[in-house]
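What follows is the residue order along each chain.
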Amino acid sequence: MNHPINSATNHATGRAMIEVDALTVRFRTKTGTFDAVRDASFQVHAGEAFGLVGESGSGKSTVLRALTGLVPVAGGRLSVGGCAVGTPDHAEHGGPRGAYRTSGTSGKRDRSLQRDVQMVFQDPYGSLHPRFTVDQTLREPLAINRLDREDERIAAALREVGLGPAFRFRYPHQLSGGQRQRVAIARALIVEPRVLLLDEPTSALDVSVQAEILNLLRRLARERNLTILLVSHNLAVIGFLCSRVAVMRNGEIVEELGIDAVRAQQVRHAYTRSLLQATAGYRRDAADEIGVDAAL
Ligand SMILES: Nc1ncnc2c1ncn2[C@@H]1O[C@H](COP(=O)(O)OP(=O)(O)OP(=O)(O)O)[C@@H](O)[C@H]1O
């Protein structure tokens, strides 16, 4: 039996941790502009795991990047922990760790946002510095956020993701794909964020490793009462971790559903149905192997 985060037994409080309200993200292109996200709205409660699903190019990653303050927000409002993201003048509003100040579209991020909102990417090889040992990779965010007891925190972070002390002085090329993703998760969690943004965190991994990483993420999210926003093109992966999902297509949210409704195939939009059918195909092929077949 599968229990997504924020099933009836978890610690979600019902307070919105992430608010995305009528978000539009506009990129400049050679021929003019392109709206990668249009008028998208959803909320994620504290301690909840929420999924964004959709085919490649539908705008899922752009929503995540907007929440880190790294893409040009043309319209709408974003907030994390009640503090606006992406507006230049909200420092005076303060927040649990001070203001989440970003410099509008300039790409600079406020340190408190940087600490509270951490991201894990699809490709752990690409996201880890090839010349940094695991120790250096984990030490860097501690230095940036001026956190003390570095050695203690690094040892604890490795333990939490199931890597022993022997891994501490290895380089990325000396690790398997799954071990690299465990390091990337440790790097994200070592600064004790409240929000974890996951961009296809298992898509680059062998099927046999995917379930291990999904199980790890689910355990850590529960233990730390993390708020999670998970991007995937795969509804089975979303169903394993999340209690609700928004379906994106061509930059727009076409439907928002509880995972129970997805499981019962109570979907309104034909596009969501086609994603479900793709998931069923995936399930037949691989789910037995990776152990997420109960997800949907
Ligand atoms: N910096 C950019 N400049 C111009 N267009 C961009 C930029 N970043 C993304 N896009 C476009 O925005 C659209 C949405 O991209 P996004 O990466 O958010 O999609 P996605 O749903 O996450 O897909 P994938 O799973 O393939 O990453 C795509 O058409 C992409 O080409």
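Residues numbered from 1 in each chain as written. Predicted model: local features only at pLDDT ≥ 70, side-chain atom pairs only at ≥ 80, totals over all residues.

Engineer: Give a description of the sheet that holds strand β8 (residues 227-232) that names residues and reports values.
Structural biologist: Read from one edge to the other, the open sheet built from six strands follows the order β6-β7-β8-β3-β9-β10, with strand pairing classed as mixed. Two strands lie at the open edges of the sheet, namely β6 (117-120) and β10 (252-258), each paired on one side alone. On average, adjacent strands in this sheet sit at an angle of 20° to one another, irrespective of strand direction. Sheet topology note: the strand β3 (residues 49-53)/β8 ladder contains five bridges and is parallel. (Pairing = 2+ DSSP bridges. Helix = DSSP H or I, 4+ residues; strand = E, 2+ residues; numbered from the N terminus. Axes fitted to C-alpha atoms, helices over the stretch in contact; angles between N-to-C directions.)

Engineer: Please give an account of the packing of helix α4 (residues 134-144) against helix α6 (residues 177-189) that cites residues and values.
Structural biologist: Packing of α4 against α6 leaves a shortest axis separation of 8 Å and a crossing angle of 25°. The orientation of α4 with respect to α6, classified from their angle, is roughly parallel. α6 is crossed by α4, and the crossing has right-handed handedness. Counting all contacts with α4, which are made through V134, T137, L138 and P141, the residues of α6 involved are V183, A186 and R187. Split into classes, the residues belonging to the contact of α4 with α6 amount to five nonpolar, one polar and one charged. (Parallel < 35°, antiparallel > 145°, perpendicular 65-115°, else oblique. Left-handed = near helix turned anticlockwise from the far one by under 90°. Contact = placed C-beta atoms within 7 Å. Nonpolar A, V, L, I, M, F, W, Y, C, P; charged D, E, K, R; others polar.)

Engineer: Describe the sheet that holds strand β5 (residues 83-85), with residues and values.
Structural biologist: What the four strands build is an open sheet, ordered β2-β1-β4-β5; its pairing is antiparallel. Strand pairing shows two members of the sheet lacking a second neighbour, β2 (32-45) and β5, which therefore form its edges. Across this sheet, the average inter-strand angle for adjacent strands is 20°, counted without regard to direction. Inspection of the sheet shows strand β1 (residues 16-29) paired to strand β4 (residues 73-80) by six bridges, in the antiparallel sense. Residue pairing across strands places V20 opposite L78, the latter belonging to β4. Here helix α1 (residues 60-67) sits on the sheet in contact with β1, β2, β4 and β5, set at roughly 110° to β1.

Engineer: Report on the nonpolar core, specifying residues and quantitative values.
Structural biologist: Taken as a class, soluble globular proteins show a tendency for nonpolar side chains to be buried jointly. Counting 73 residues, the largest nonpolar core has L67 and I228 as the members making the most contacts within it. Contact partners of L67, with chain neighbours within four places excluded, come to I18, L78, V80, V85, V117 and L197. (Core = buried A, V, L, I, M, F, W, Y, C linked by C-beta atoms within 7 Å. Buried ≥ 20, exposed ≤ 12 C-beta atoms within 10 Å, placed from the backbone.)

Engineer: Can you break down the environment of L128 residue by residue, with the values?
Structural biologist: The residue L128 is located in the loop between α3 (124-127) and α4 in this model. A count of 21 C-beta atoms within 10 Å places L128 in the buried class. Residues L128 and V183 lie 55 residues apart in sequence; the distance between their C-alpha atoms is 8.5 Å. Residues contacting L128, with those up to four places away along its chain left out, are T137, P172, R180, V183 and A184.

Engineer: So what about α4? Which residues, and what values?
Structural biologist: Every buried residue of α4 is accounted for by V134, T137, L138 and P141. The buried side chains of α4 occupy one side of the element, clustering within an arc of 90° when seen end-on. Tucked inside the fold, the buried residues of α4 contact α5 (150-160) and α6. (Arc of directions from axis to C-beta.)

Engineer: Residue-level account of α6, with values.
Structural biologist: Under the 1.5 Å per step criterion, the end-to-end length of α6 is 19 Å for 13 residues, consistent within 8% with the ideal 18 Å. Among the 13 residues of α6, 10 are classified as buried, and the element is accordingly described as predominantly covered. Turning to α6, its buried residues number three or more, namely R180, Q181, R182, V183, A184, I185, A186, R187, A188 and L189. Against the buried residues of α6 lie β6, α3, α4, α5, β7 (195-199) and α7 (207-224). (Expected span 1.5 Å × (residues − 1).)

Engineer: If you had to explain the environment of L158 to someone new, which residues and values would you point to?
Structural biologist: Here L158 is to be found in helix α5. The buried category is assigned to L158, around which 22 C-beta atoms lie within 10 Å. As for L158 and R182, which are separated by 24 residues in sequence, their C-alpha atoms are 8.3 Å apart. Leaving out residues up to four positions away in the same chain, L158 has contacts with L163, G164, P165, F167, R168 and A186.

Engineer: Summarise the site of the ligand; cite the residues concerned and give the values.
Structural biologist: Around the ligand sit 13 residues, and of these F27, A36, S56, S61 and T62 come closest. If you list the elements that add at least two residues to the shell around the ligand, you get β1, β2 and α1. The element contributing the most residues to the shell around the ligand is α1, with three residues. Tallied by class, the residues present in the shell around the ligand amount to three nonpolar, nine polar and one charged. (Near = placed C-beta within 6 Å.)

Engineer: Residue-level account of the pairing of β3, with values.
Structural biologist: In terms of burial, β3 is a largely internal element, five of the five residues being buried. Across the two faces of β3 the burial is the same, with A49, G51 and V53 and F50 and L52 all buried. As defined by bridge partners, β3 adjoins strand β9 (residues 244-249) across four bridges and the pair is classed as parallel. Bridge pairing in β9 links F50 to R244.

Engineer: Let's hear about the pairing of β6: which residues, and what values?
Structural biologist: Burial along β6 is two-sided: the residues V117 and M119 and Q118 and V120 are all buried. In this structure, β6 lies alongside β7, joined through four bridges in parallel fashion. Each bridged residue has a counterpart across the sheet, and for M119 the counterpart in β7 is L197.

Any link to function would need more than the numbers given here.
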